Every structure is written in structure tokens, then in C-alpha cells.
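Observations on the model geometry
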Amino acid sequence: MPSGRSWPANNFPRKRTSMSEPQNPAKPRPPLPEDDARKNDQDLAREEKFRRLIETGLEPFPHRADPTHTVSDIVAAYAASPRETLEASKTRVAVAGRILSLRPMGKAAFFHISDGRSKLQVYIRADIAGQEAYERFALLDLGDHVLVRGELFRTRTNELTVLAAGCDFLAKCLHPLPEKWHGLQDVELRYRRRYLDLIMNPEVMEVFRLRSAIVAHIRRFFDERGYIEVETPMMHAIAGGALARPFITHHNALDIDLYLRVAPELFLKRLVVGGMAKVYEINRNFRNEGIDAAHNPEFTMLEFYEAYRDYEDMMAMTEELLGGLSRALLGADEFPFGERTISFKPPFKRLKFMDALAHYSGLSRAIFEDPAAVIAYGERLAPDKKPLTYGRALDIIFDKHVKDNLVQPTFIINPPKDVSPLAKAAKDNPREAARFELMVGGMELANAFSELTDPAEQKLRFEQQAEERRKGDDETHPIDLDYVQALEYGLPPTGGEGIGIDRLVMLLANRKTIREVILFPLLRPKE
RNA sequence: GGGCCGUUAGCUCAGUGGUAGAGCACCGGCCUUUUAAGCCGGGUGUCGCUGGUUCGAGCCCAGCACGGCUCACCA
């Protein structure tokens, strides 16, 4: 550790040569960044303490600090060390963190600092840290950042604690933190000012650490299998790859409207045409739809494509990926989700789409043989969606009657072909697609198919979609002739799949709204 | 977009048409092993916004804003 990194030696002039020198020779400071009108008494008190701290000659915004350990390092390494071992070893540490509790007692004080994950207690006394240092310490507030230097010991109540020889100032917290006992509860404030949520609610930090670990695990899974990770355009001239309404934006220099992508699918398959036989992308999609517990307008999707495979192979891979995730990150195949326990232990249940419909809808199988009756029923469920095709009507009945029942992971196999314009037809039924949707916890978690590789058939399917659009369905796939041209160069048999990362995190983190697993979910701007 | 609920101090929350409250936080004083530290003293506020009813509105009514749940839609 570099010498001289102490309060008096580093942050303060060693000795003032004359009492007649101005107390604050430092350059004039710009006003602090907030209108006086918005400040309350506590903001003003903090500002005043900061001003007095600066007047002692201290650097208010230091460039760097030299911690030897993180709080978490210390907790991990010494949590089990008995008092005698700590005292004998005289372990010196320099550790940085935010002050999250403060118990001053005259000429000594206890406080906890946090590195965002763990907390560590510090004991500072005037006779050990020095009178001058202690007086400066007394100008600190809850929320300020400090670097504490000292030796580890255990208090009378056996808590691992740093006995501070010094305490360097690192940053000022100019506003009071939320209440220590209840944390920050207001949902809107938690999302708008997520930093406060992270500071006050440790379980929130854990959700996002888990999210990071999930994504890292997924990357490792595909990297180990020889996949190449790519990034394809987020701005599309044609918003293809999914049946969804896009966001529109504009490029000034080219003077063209562009769409934020609704899916990377068509670009990834172009790459398979180009010879990337195993390819994946983890990135954002944007869909101009409503917001609810399972939908955010921008969301993260994993899409992967593997040549020479079909959707049956994708099912096996999905089981391996999800089962492995649960075991690696949660230590078990099963995990709680709300009131239920979900098991990611392979194999997952497989259910034909039409069988699921017949089983859960209570409708007789005969009805499903009568397209007119199905369409009439679907249009009764969703009057604003008229007119419906047979497949769309089935889809609506599925959402209405089946989805919520599928809590344990279930592959819903062979949905209608006319809502799957990018999938091959099922081998044994030309009205069905060689496709599955994986349902978990009442949500669609994954969607995969044997990719349609016949360019002529693809062009025909696009034209059918255009026809539906003319009839009034605004959730159809646009024609993409450039993509058809790519297929004309030869897309090998390919299995492809998309997995919603946010929903996967919801499941594994046991959070019932997507906003709890997205750091900054979309909210209406204030004011 | 519909229905229901919410919005009071920095935060968490009480508040019954009649002088705006509590805990934490904050301010002043005391306190050298505390830990939701403690003791003494202090209430710091555009009751979301705009109107209305009333002698009188945080409370009743209408409209609006933002949020939550839910339905619809969507992955």
C-alpha cells in the first residue's frame, strides 16, 4: 500500500504555515447542482457540512483511492476468523464503501460501510484516528463514500470490525437516503431512481447479479458448443422476423424511415446462408405494444440457429440449457415461482397444440375440424381482431384458455402454420408448423422451429401475410424479398430458437413482473 | 384503452368535514465496544394538480397527471 494515504497526510495540507492564511484557499466552486427551491432542510444541512469539509482544505472529488480489499473480500475471508486470530495477525486493510449506518457516541463512533453487496462495521475513535481526523469524520453523513484504513478486530458482541486509523473522504451524498429499516418501497421511485433501490435493497442487487450470471452461463453454453456470437442490425428497413408492430425512427442523412428491430431472425439466418453454421445473438428487441407484468417495449432475446438441426433437436438443447442453468445458478432442478415450484429437470412435457386446445378449452374436438366454427368462436373472444384466419383464431383460443394452465415447462408442439410464416410445415400435417413454443409459469419463454428453407415457399408465405394485412390484420409479417434472395443461395436445414431472457430471469429470480428484472423499465417521463 | 386502488415531511406510513401526525432521517446538547445505540430538546409540509360543494376540505364531488393491480393486446 502506498505510504501517506491517510487523512492528514493525503487529503489535507500537512501544516498550515500561518493562521493568517485564508482558511479556504481552494478555487471557487460552481454552485451545487440543484435549485434552491427544490432543497429541503436536510439537503441544505448536507451542503453546509460539505462546505465545511471543503474549507478544511480537503479535495472534495478525489481522483482515485487505493483499497486493498473490497468489503465483500473481507467478509468472505475473515467472517469465520476468531477474535484471537484477528488480534494476533494484526490484519491491516484499506476498504472503500458507502456509509449506510452511523452510531456516533461522543468521541467514538460505529458505522457500517457497504460495497453494494456486503456490509462491514467500522469503529473510529478520536484517540486512535486522531482528534483532527475525528472532527472531520464528524462532518460526514449517511450515504457518503469513504476509504477506511485500519486493523480488523472483533467487538464485544463479536462483530467483525475495522478499527480505523484513518478515514479518507471519497464522495459526498447531497441528499438523505431512504429510511434504513423499510428501504425504498415506492415502486415508481425504485424504477425511476434505480440507484437508490440498489443502495437500499440488497435483494434487488442480487436479482441483477443473477441476471448477469444467467447471461454469462448462456454465453458459455453456446461458446462451448462452437457457436459464434454476432450482433446484427437494430435498425431495419423492414421490421421482419416476428409478427409485431415496430417503432419507427428516421435517419437524417439518408432521409429514410427505419424500424427498430422486432427480431434479429432474418439477419441471423442470412448468416447461416453465409456459412455461420452455429450462430447466436443476445440483444434487445423493440415492440410497439402495451406494457404489463410480462411485457416491456424493449426486451432482451437470445436467438440461436444451428445448421443441420430441426426443432426436435432444439427441444433437447433447450432442456439441456435450462436444466443446466437452474443447477449451476440455483443449485437444484427445482425453484420456487410465486406459490408454485417449477422444475427444470429434463425431459419437459410435450403436448401437441391441438391436444392442448382440446384439453384445456373444454371445446369438443369436432369443433376444431370446422374452421368456420373456430373462427366464429375466436372472433367472439376477440371482437376487435376481426376478421380472423383459422390459425389466428386457434391462437386466440390458446391464449385465452390454455396459456395460464401451463406452469411446468411444456413444449407446445406444431401450432398452426398460418401464424408461423418462417417455419417449415410439420412433416405429417400441412396445416401445422414444425415448431414449438415453450410455456413456463403461464408465459411463453421460448419459440423455435425448423426454419423454412424453400425460397419459393417463403415468398408465397410472405404474400399470404400481405393478403391478411389487406384484410385488416395489422400483426402480419412484411414481405422481405432481400431475405428471399438470401434463401435462393441455399439455407441448409436449420433449427432456430428464441428465448426471452427477461422472462427467464423472472422465473429463476422468482419475480412476478418483468420490471423487477429490467434495470430501467420504460416509464412515462415525469413532467 | 376499460375497471379497481393509490398519491400526506427526505423515507416508511397513520389521519373519523372543525388548530396537519408517528417512526426513521434531520437540527441543537450529552455520550470511547455500539448495532433498528441511548438520553434531553426541536416538526422541518404546495396533504399530486386544477376547479367545485361547504361557515369550514387532507377528508366530499368533477376533471387532469403519475403510479400499482387487473382485463384487453403482445414474447
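Our structure's up above, just so we're on the same page.
Residues numbered from 1 in each chain as written. Chains lettered and ligands numbered in written order. Predicted model: local features only at pLDDT ≥ 70, side-chain atom pairs only at ≥ 80, totals over all residues. Heavy atoms only, no water.

**Details of the overall build of chain A**
- On a plain count of helices and strands, chain A comes out with 18 helices and 20 strands.
- In summary, chain A has a C-alpha radius of gyration of 30 Å against a globular reference of 24 Å for 527 residues, an excess of more than 25%.
- For chain A, the spread of C-alpha atoms along the principal axes amounts to about 95 × 55 × 45 Å.
- A buried classification covers 48% of the 527 residues belonging to chain A.
- Charge separation in chain A, taken as the distance between the mean sites of 74 positive and 79 negative side-chain charges, equals 6 Å. (Helix = DSSP H or I, 4+ residues; strand = E, 2+ residues; numbered from the N terminus. Rg over C-alpha atoms; globule rule 2.2 N^0.38 Å. Buried < 20%, exposed > 50% of the residue type's maximum accessible area, 1.4 Å probe, protein only. Lys, Arg positive; Asp, Glu negative; His and termini not counted. Charge placed at Lys NZ, Arg CZ, Asp CG, Glu CD.)

**A short note on the sheet that holds strand 1 (residues 92–104)**
- Pairing in this closed barrel of five strands is mixed, and the strands run 1-2-3-5-4 around the ring. Ignoring strand direction, the axes of neighbouring strands in this sheet form an average angle of 55 degrees.
- Two elements, strand 2 (residues 108–114) and strand 3 (residues 119–125), share seven bridges in a ladder whose sense is antiparallel. Opposite Ala109, over in strand 3, you have Ile124 as the bridge partner. (Pairing = 2+ DSSP bridges. Axes fitted to C-alpha atoms, helices over the stretch in contact; angles between N-to-C directions.)

**Some details on the pattern of salt bridges**
- On inspection of all chains with the given rule, the structure shows 31 salt bridges.
- The residue Arg192 makes a salt bridge to Glu188 at a minimum N-O spacing of 2.8 Å. On the criterion of helical spacing, the pair formed by Arg192 and Glu188 is a turn pair, its members being four residues apart in helix 7 (residues 187–192).
- A salt bridge links Arg270 to Asp482; the shortest N-O distance between them is 2.8 Å. Highlighted residues: Arg270 in helix 10 (residues 265–273) and Asp482 in helix 17 (residues 481–488), separated in sequence by 212 residues. (Salt bridge = Lys/Arg side-chain N within 4 Å of Asp/Glu carboxyl O.)

**Details of the packing of helix 16 (residues 455–470) against helix 17**
- Two elements in contact, helix 16 and helix 17, have axes separated by 8 Å at closest approach and are oriented at 165 degrees. If you check the angle between helix 16 and helix 17, you find them roughly antiparallel. Seen from above, helix 16 lies across helix 17 with right-handed handedness. Counted together, Pro455, Gln458, Lys459 and Phe462 of helix 16 and Leu481, Tyr483, Val484, Leu487 and Glu488 of helix 17 form the full contact between these two elements.
- A breakdown of the residues in the contact of helix 16 with helix 17 according to their chemical character gives six nonpolar, one polar and two charged. (Parallel < 35°, antiparallel > 145°, perpendicular 65-115°, else oblique. Left-handed = near helix turned anticlockwise from the far one by under 90°. Contact = heavy atoms within 4.5 Å. Nonpolar A, V, L, I, M, F, W, Y, C, P; charged D, E, K, R; others polar.)

**Notes on the protein's contact with RNA strand B**
- Near RNA strand B there are 60 residues, and of these Thr157, Lys180, His295, Arg503 and Arg524 occur at the shortest range.
- Between RNA strand B and Arg156, the relevant distance is 2.6 Å, taken from a base oxygen to a main-chain nitrogen or oxygen of the residue.
- Counting residues per element, the ones that place at least two in the surface near RNA strand B are helix 2 (41–55), strand 1, strand 2, strand 3, helix 7 and helix 15 (390–401). (Near = heavy atom within 4 Å. Polar contact = N/O pair within 3.5 Å; in protein donor to acceptor, adjacent residues only side chain to side chain.)

**Quick notes on the sheet that holds strand 8 (residues 248–251)**
- Pairing is antiparallel across the open sheet formed by three strands, whose spatial order is 7-9-8. Only two strands of the sheet have a single partner each, and these edge strands are strand 7 (235–236) and strand 8.
- Both strand 8 and strand 9 (residues 256–260) contribute to a ladder of four bridges, which runs antiparallel. By the bridge assignment for strand 9, Ile248 is matched with Tyr259.

**Things to note about helix 10**
- Among the residues of helix 10, Glu265, Leu266, Leu268, Lys269, Arg270 and Val272 are the ones counted as buried.
- Downstream of helix 10 by one or two residues, Gly275 has phi in the positive range, about 110 degrees.

**Focus on the nonpolar core**
- The biggest cluster of nonpolar side chains holds 49 residues, and the ones touching the most others in it are Ile218, Phe222, Leu302, Phe344 and Leu504.
- Here the element with the most residues in this core is helix 9 (residues 202–224); it accounts for nine residues.
- Setting aside chain neighbours within four positions, we find Phe222 in contact with Tyr227, Tyr280, Leu302, Phe304, Met317 and Leu321.
- Ranked by size, the runner-up nonpolar core spans 32 residues in total, among them Leu53, Ile74, Leu86 and Val148. (Core = buried A, V, L, I, M, F, W, Y, C linked by side-chain atoms within 4.5 Å.)

**Observations regarding the packing of aromatic side chains**
- Under the definition given, this model contains 18 aromatic pairs.
- Between Phe335 and Phe344 the ring centres are 4.9 Å apart and the planes differ by 80 degrees, which places this aromatic pair in the edge-to-face class. Grouping residues by exposure puts Phe335 and Phe344 together as buried.
- Cluster of aromatic residues (ring-pair linked, three or more members): Phe221, Phe222, Tyr227, Tyr280 and Phe304.
- Taking the ring centre of Phe221 as reference, the NZ or CZ of Arg225 above it sits at 3.6 Å.
- The ring of Phe267 has Arg270 lying over it, and the distance from NZ or CZ to the ring centre is 4.7 Å. (Phe/Tyr/Trp six-rings, centres within 6.5 Å; stacked < 30°, edge-to-face > 60°. Lys NZ or Arg CZ within 6 Å of the ring centre and 35° of its normal.)

In short, the description is geometric, and any link to function would need to be established separately.
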